[in-house]
Amino acid sequence: MINYVTAGESHGPQLTGILTGIPAGLTLDIDAINAGLSARQGGFGRGNRQQIEHDQVTVVGGLRHGVTLGSPLALTIQNRDHAHWSKIMDPISPATPENTLRQVTRPRPGHADLVGGMKYGHRDLRNVLERSSARETAMRVAIGQICKQLLAQLDIQLVGYVQQIGQVKTDPQASLQVADLEQAITQNDLRITDNTKVDEIHDLITATRKAGDTLGGVIRVVATNVPAGLGSYTNWDTKLDGKLAAAVMGVNAMKGVEIGDGFAAAASHGSQVMDEIDWNAEDGWSRLTNHLGGFEGGMTNGMPIIVKAAMKPIPTLYKPLQSVDIATKEVKKASVERSDTTAIVPASIVVESVVAIELAKALTETFDGSNLERLKRTIAEYRDELKHY
Ligand SMILES: Cc1cc2nc3c(=O)[nH]c(=O)nc-3n(C[C@H](O)[C@H](O)[C@H](O)COP(=O)(O)O)c2cc1C
Ligand SMILES: C=C(O[C@@H]1CC(C(=O)O)=C[C@@H](OP(=O)(O)O)[C@H]1O)C(=O)O
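Residues numbered from 1 in each chain as written. Chains lettered and ligands numbered in written order. Predicted model: local features only at pLDDT ≥ 70, side-chain atom pairs only at ≥ 80, totals over all residues. Heavy atoms only, no water.

With that out of the way, let us pick up the sheet that holds strand β8 (residues 168–169). Spatially, five strands are ordered β8-β7-β9-β15-β10 in an open sheet, and the strand pairing comes out antiparallel. At either margin of the open sheet sits one strand with a lone partner, and together these are β8 and β10 (254–259). Strand direction decides the pairing type here: strand β9 (residues 217–224) and strand β15 (residues 305–311), joined by seven bridges, are antiparallel. Paired with Ala-223 across the bridge in β15 is Ile-305. Most of the contacts of helix α9 (residues 240–249) go to β10, to which it runs at about 155 degrees, and overall it touches β10 and β15. (Pairing = 2+ DSSP bridges. Helix = DSSP H or I, 4+ residues; strand = E, 2+ residues; numbered from the N terminus. Contact = heavy atoms within 4.5 Å. Axes fitted to C-alpha atoms, helices over the stretch in contact; angles between N-to-C directions.)

Following this line, the structure appears as C-alpha cells:
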C-alpha cells in the first residue's frame, strides 16, 4: 500500500520524501514531476521566495533506468534559499549568539507559531515556522505527481484549479471534462477557467498586497474514471471520502472541505440531491446527476469525484496584527516573515496532489500493487465485472 513521509525545514538544506508502495514497472516522467513543481511555485500573488527557488526533484532510491523497482522511492528537493540561511539553519553546529540572531518571539495570529512554541517548548518560534511553512508542500507535490502518473496508467485523470479568489468567483465552466479544464487553466497565471476575470483578480491581489493584507479562496479538484467501490461503508475509518477530507484539510491553510454539493446539499430537498441510478450494456452503471460528488457510503460510485477546499487568507500580514512577545509578554505587532499575498494558485496543485495520493493509496489497498502490468490487468477485469453486476 502507498504511504509517504516528508522531512525538512523551509530554510534547511533540502526537503526529503520517502514514498512506499508505488508498483514496480512505472516509468517515471521526471519532467512532468518538475512541471508540477514549477506550477506550484507560480501564480500571481506569490512572494519573492519563488524567485530564489527552482524546484526540481532528484530521485535517489527506488528507481533504476527511469523505472520504479517497487522499493521505496527516495526523493529530494533542494532549498536554494538555504545558501542565505546556512549559519542560522545549520543542522549540526551548536547554537552561538551569531547563528541564533534572527529569533522570532512575536507569534503571527493564524500561523502555527504560538501554539507550536507552547506545545514543543521552543522559545525561538523559528523552530516552529521552519516546518509549519508550506515549503513542505513542494515535496507533497512531487509525491502527488508520481501518484498522478500511476493513476494515468490506470486511465484515471484528475486536475485541481481555482474556483474563487477572495469573493470573486472564477469558474463558470465547472461542467468541463478534465482535459478541457486543464486546457482552460493553462491560459492564465491564476489557474482559473474564466479569462474575463484575470484583470479584475490581478488588480484585487495587487491592491491587497499594497494594503498589507492577504487573500484566500476556493479550490476544486475533479477526478474521472475512478472505479466504483474504493473505500468502504463497513467502518468509519475505511470511508474514502473521510480520508480524502483529512488529506485535503491537512494542506496548510485549508479550513473547509466539501464533497460534491457539500454544504449546499444541506439546504436542498432529497429529490434535488440524490443522483438517480441508470444502467446500459455499453457503459454499465451510472447516475443521472452527480450532486454527491462521486461518493455513496464512503465508497466511490464511479461518477467523477468532486472535492472542494476553502483556503483561509495567508496569516502573515505586512500590516501586522496584534500579538504578544513571548519573551517580554508586552503587546506588540506580530513579526513579519517574507510572505505570499495569496497562495491559492499553488495550493490548487497541492490539493490536486494530495487527492492523487489518496486515490492511488485506495487503489493499491484494494488491489495488489506490486507490479504495474498486473495491477492494470486486475483493474480492467474489475471494471468489467462491475459493468455486468
Ligand atoms: C502553497 C502555500 C503557500 C503559503 N504561503 C504562505 C506565506 O507565504 N505566508 C504565510 O504566512 N502563510 C503561508 N501559507 C499558509 C501557512 O503555511 C499556514 O496558514 C500555516 O502553516 C498554519 O497552518 P493552518 O493555516 O493550516 O492552521 C501558505 C500555504 C500554502 C498551501
Ligand atoms: C517557501 C515557500 O512558501 C513559503 C510558505 C510560507 C508559510 O509560512 O507557509 C512562508 C514563506 O516563506 P519565506 O519566508 O521563506 O518566503 C513562503 O515563501 C514555498 O511554497 O516554496
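To continue, consider the site of ligand 2. Neighbouring ligand 2 are His-11, Arg-40, Arg-46, Arg-49, Gln-50, His-111, Ser-133, Ala-134, Arg-135 and Arg-338. Contact distances for ligand 2 include 3.1 Å between an oxygen atom and a side-chain N or O atom of Gln-50. Side-chain polar atom of Arg-135 to an oxygen atom of ligand 2: 2.9 Å apart, as the coordinates give it. In isolation ligand 2 has 470 Å² of accessible area, and contact with the protein removes 91% of it. Looking at side-chain class alone, the shell around ligand 2 contains one nonpolar, four polar and five charged residues. (Near = heavy atom within 4 Å. Polar contact = N/O pair within 3.5 Å; in protein donor to acceptor, adjacent residues only side chain to side chain. Areas by Shrake-Rupley, 256 points an atom, 1.4 Å probe, with all protein chains shown as cover. Nonpolar A, V, L, I, M, F, W, Y, C, P; charged D, E, K, R; others polar.)

Glancing now at the site of ligand 1. Of all residues adjacent to ligand 1, which total 17 residues, the nearest are Ala-253, Lys-312, Thr-316, Ser-339 and Asp-340. With respect to ligand 1, the side chain of Lys-312 contributes an N or O atom lying 2.8 Å from an oxygen atom. In isolation ligand 1 offers 620 Å² of accessible surface; the protein chains occlude 85% of this area.

Taken together, the side chains of Ile-277, Trp-279, Trp-285 and Tyr-389 make up a nonpolar region of the molecular surface, amounting to roughly 530 Å² of accessible area. What makes Tyr-389 exposed here is its relative accessible area of 73%. (Patch = residues over 30% accessible without salt bridge, like charges linked within 9 Å, V, L, I, M, F, W, Y side chains within 5 Å. Salt bridge = Lys/Arg side-chain N within 4 Å of Asp/Glu carboxyl O. Buried < 20%, exposed > 50% of the residue type's maximum accessible area, 1.4 Å probe, protein only.)

Within the largest apolar cluster, 72 residues are counted, with the highest numbers of intra-cluster contacts made by Ile-22 and Leu-150. For this core, the element with the highest residue contribution is helix α11 (residues 344–366), accounting for 14 residues. One finds Val-159, Leu-181, Ile-185 and Ile-306 within the second-largest nonpolar core, a separate group that totals seven residues. (Core = buried A, V, L, I, M, F, W, Y, C linked by side-chain atoms within 4.5 Å.)

Glancing now at the UniProt feature "binding site: FMN" (unreviewed entry) in the protein. According to UniProt, the "binding site: FMN" (unreviewed entry) feature falls on Arg-131, Ser-132, Ser-133, Asn-252, Ala-253, Gly-297, Lys-312, Pro-313, Ile-314, Pro-315, Thr-316 and Arg-338. Spanning 208 residues, the annotated positions stay apart in the fold, the maximum distance between their C-alpha atoms being 44.2 Å. Turning to its location among the elements, Ser-132 is positioned in helix α5 (residues 126–132). What Ser-132 contacts, discounting residues up to four positions off in sequence, is His-111, Ala-112 and Asn-252. Positionally, Asn-252 belongs in the loop between α9 and β10. With relative accessibility at 23%, the residue Asn-252 sits in the partly exposed group. Excluding residues within four positions of it along the chain, Asn-252 makes contact with Ser-132, Ser-133, Ala-134, Thr-137, Arg-140 and Met-311. A distance of 2.8 Å separates the side chain of Asn-252 from the backbone oxygen of Ser-132, its partner in a polar contact. (UniProt positions renumbered as here; feature names shortened; annotations may be inferred.)

What follows deals with helix α8 (residues 198–210). Residue pairs three or four apart in sequence face the same way in an α-helix, which turns once every 3.6 residues. Between the first and last C-alpha of α8 there are 18 Å, a value that for 13 residues agrees with the 18 Å anticipated at 1.5 Å per step. Every buried residue belonging to α8 is among Val-198, Ile-201, His-202, Ile-205 and Thr-208, and all of these are buried. Relative to the axis of α8, the buried residues are bounded by an arc of 135 degrees and lie together on one face. Of the exposed residues in α8, those oriented more than 90 degrees away from the buried face are Asp-199, Asp-203 and Lys-210. Along its buried surface, α8 packs onto β7 (157–165) and β8. (Expected span 1.5 Å × (residues − 1). Arc of directions from axis to C-beta.)

Our next topic: the UniProt feature "binding site: NADP(+)" (unreviewed entry) in the protein. Residues annotated by UniProt as "binding site: NADP(+)" (unreviewed entry) correspond here to Arg-40 and Arg-46. Considering the arrangement of structural elements, one finds Arg-40 in helix α1 (residues 30–41). Excluding its chain neighbours within four sequence positions, the residues that come into contact with Arg-40 are Arg-46, Gln-50, Asp-55, Ala-134, Arg-135, Thr-137, Ala-138, Val-141, Pro-346, Ile-349 and Val-350. For Arg-46, a relative accessible area of 19% gives the class buried. Polar contacts involving the side chain of Arg-46 include one to the main-chain carbonyl oxygen of Arg-40, which spans 2.9 Å.

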